[in-house]
Each structure stands twice: as C-alpha cells, then as structure tokens.
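Structural characterization, general
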Amino acid sequence: MAASVLRERHGATLVIRLNKPEARNAFDLEMRQDIAEAVFEARDNPDIRAVVITGSGKAFCAGGDLKALSAEKRPVFKDRDRIRRLHVWFRELTNLEKPVIAAVHGPAFGAGFILALACDFVLAAPSARFCAVFTRMGLVPDLGAFYLLPRVVGLMRAKELVFSAREVDVEEAQSLGIVYDVVAEESLLDEALAMAARFHTASTQAIGISKNILNRSFNLDQDTLAELEAAAQAMVMKTDYHHDAVSRFINKQPLAFQWPAKRGPGSGK
C-alpha cells in the first residue's frame, strides 16, 4: 500500500507530496500523522533549506476525509482533542523557519485551502480552485483558518469566503493575495522547485527569523516589534553568512544570494 505522504529530496529542498489521489488527497488520520512527521523532518534537518508541498493526481487536497470521520463515533471532547492535535504540527509548519512553497493544482478545499495558506508562497496552475467549504457541511473553519485567512485576504473578505463557502478560481485568488503566481500545469512542480532552489544560497537564519517576526507582526505593538528587530539583527550579524556577505561586498565580488527580476505573471521568475 502506497504511503499517504511522500517525501522527496531535491538537493536542499524537501518535497512533501500528499499521495491519496483516489480520494483527492483528503486528510485522514494516516495522512495527518505522515504530514506531521514530514514537517518535523523539515524543521529538524539543517540540510533542508526549503520545502515544497504538492499533491498527487488531479487535486492538491480536497480537505478532510468526511467518510473516515463519519465512520467513527466519538464523544465531543475527543473531537476537540483531534483538532487540537492538528495544531501541534500545523503551527510548526506555519512558523517553520525555512521558505515553504505550495504547488497547487485542482481543488484546494477546506483544510487543503488552509494548508496552502500556511505556505509562504502559493504557485498555482490554471486548474487551481480554492474554497473554505466548511459551512456547506455545517462546520466552522479549522486547521488554523481563523488565524490565517483574515491575515491573507482581510477580515471582510474572509467573512465572505467563509459564510458563502464559494469557490475561488485562480485569477481571483491571485487578486486576493492567496496566489503568488500562476504557472502552466505541466511546469508547476518544476517552477516550485526552481523557486525553492533560489533559497539554497540564502541565509536560512535571516529568512527564518524574519519569517518568525513577520508572522507575529499583526499581534504585536510597534515597541515590541522594535525589540524583536534589535535582538534578531544582533544575532544574524554574528553569523558566518553575514561575515562572508560583507567580505564579498567589500571585495566587489557577487553576493551568494541573488533574486532574479520578475518578468511578469506566469514566468515563475
């Protein structure tokens, strides 16, 4: 039986591939555990410098596996514990101090939508569709949706997407800030891997600490952010990466990390 989540190394990039195409990669208990293990590997392995999340088959992720959930009778507090356990690994993913890129094709519904939002960048094929589908089933959003969705699209638009449970196509998703770039279906994973590979020469410490603080920027006042900024800068100024970059700059040598100019939508650049 095939694993529900595949882990593939491409140099310093870890690809986490949801692998239940027959169920449109819907979350069940096995997949949740396998995703958790993949996230912890990405967190704990210093040789991994970037992560790509994608799905097998014709979908990114259709959300929770309702058949599996409905087959099991559980007391209310067991359901509460089940959701709380999800947040253990999901918080680690959201705050992973490495760049995370979602390569989305087909449906990203429910928890699949929120999984994409947890990534730093979403590259999407024209077939991608996003939906906070929870309300259709008489449920409230989960997997961190209440935290992530308003921060990405704004409070009023988040309410509209949750209340209506309507689908959002890739063009609207890009206009809302959900999608970073739209790329051709056949080159989606290659574009995501190319983007991830650019971070292989970056300072993982500087990007990781920047991400950590940015993720908290909506919750903290200016003085607190200033203190975090000062502490973070003091730390990264002592890294070998910074010392090497200063040396390169003084000696008029190319810096190790260069980001190519973006050449328009769909370029992946």
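First things first, this report covers the structure right here in the doc.

Definitions and cut-offs
- Residues numbered from 1 in each chain as written.
- Predicted model: local features only at pLDDT ≥ 70, side-chain atom pairs only at ≥ 80, totals over all residues.
- Heavy atoms only, no water.
- Helix = DSSP H or I, 4+ residues; strand = E, 2+ residues; numbered from the N terminus.
- Buried < 20%, exposed > 50% of the residue type's maximum accessible area, 1.4 Å probe, protein only.
- Patch = residues over 30% accessible without salt bridge, like charges linked within 9 Å, V, L, I, M, F, W, Y side chains within 5 Å.
- Areas by Shrake-Rupley, 256 points an atom, 1.4 Å probe, with all protein chains shown as cover.
- Salt bridge = Lys/Arg side-chain N within 4 Å of Asp/Glu carboxyl O.
- Pairing = 2+ DSSP bridges.

**Remarks on unusual backbone geometry**
Residue arginine 24 is not a glycine yet carries a positive backbone phi of 55°. Position of arginine 24 among the secondary structure elements: in the loop between strand S2 (13–18) and helix H1 (29–44). Positive phi is not limited to glycine here, since alanine 165 has a value of about 50°. If you trace the backbone, alanine 165 turns up in the loop between helix H6 (155–164) and strand S8 (167–169). What makes alanine 165 buried here is its relative accessible area of 2%.

**Focus on a nonpolar patch on the surface**
Together, Val246, Phe249, Ile250 and Leu255 line one region of the surface with nonpolar side chains, adding up to about 400 Å² of accessible area. Looking at the element boundaries, phenylalanine 249 is found in helix H11 (residues 240–250).

**With respect to the pairing of S2**
The buried count for S2 comes to six of six residues, which makes it a mostly enclosed element. For strand S1 (residues 5–10) and S2, the ladder comprises six bridges, and the chain directions are antiparallel. If you follow valine 5 over to S2, its bridge partner there is leucine 18. In this antiparallel pair of consecutive strands, S1 and S2, the connection spans two residues, and glycine 11 shows a positive phi of 65°.

**Digging into the environment of arginine 157**
Note that arginine 157 resides in helix H6. Separated by 123 residues in the primary sequence, arginine 157 and aspartate 34 place their C-alpha atoms 32 Å from one another.

**Here's the deal with the pattern of salt bridges**
According to the stated counting rule, one finds 13 salt bridges in the structure shown. Residue arginine 7 pairs with glutamate 37 through a salt bridge whose shortest N-O separation is 3.6 Å. With arginine 7 in strand S1 and glutamate 37 in helix H1, the pair connects residues that are 30 residues apart, well separated along the chain. A relative accessible area of 40% means that arginine 7 is categorised as partly exposed. Taking relative accessible area as the criterion, glutamate 37 reaches 36% and is therefore assigned partly exposed. Linking glutamate 160 and arginine 157 is a salt bridge whose minimum nitrogen-to-oxygen distance equals 3.3 Å. Here glutamate 160 and its partner arginine 157 are both found in helix H6, three residues apart, which amounts to about one turn of the helix.

**A few points about the sheet that holds S2**
Sheet architecture is open: six strands sit in the order S1-S2-S3-S4-S6-S9, paired in mixed fashion. The sheet is open, and its two borders are formed by S1 and strand S9 (181–182), each paired with just one other strand. Sheet topology places strand S6 (residues 121–124) next to S9; two bridges connect them, and they run parallel. What sits directly across from alanine 124, in S9, is valine 182.

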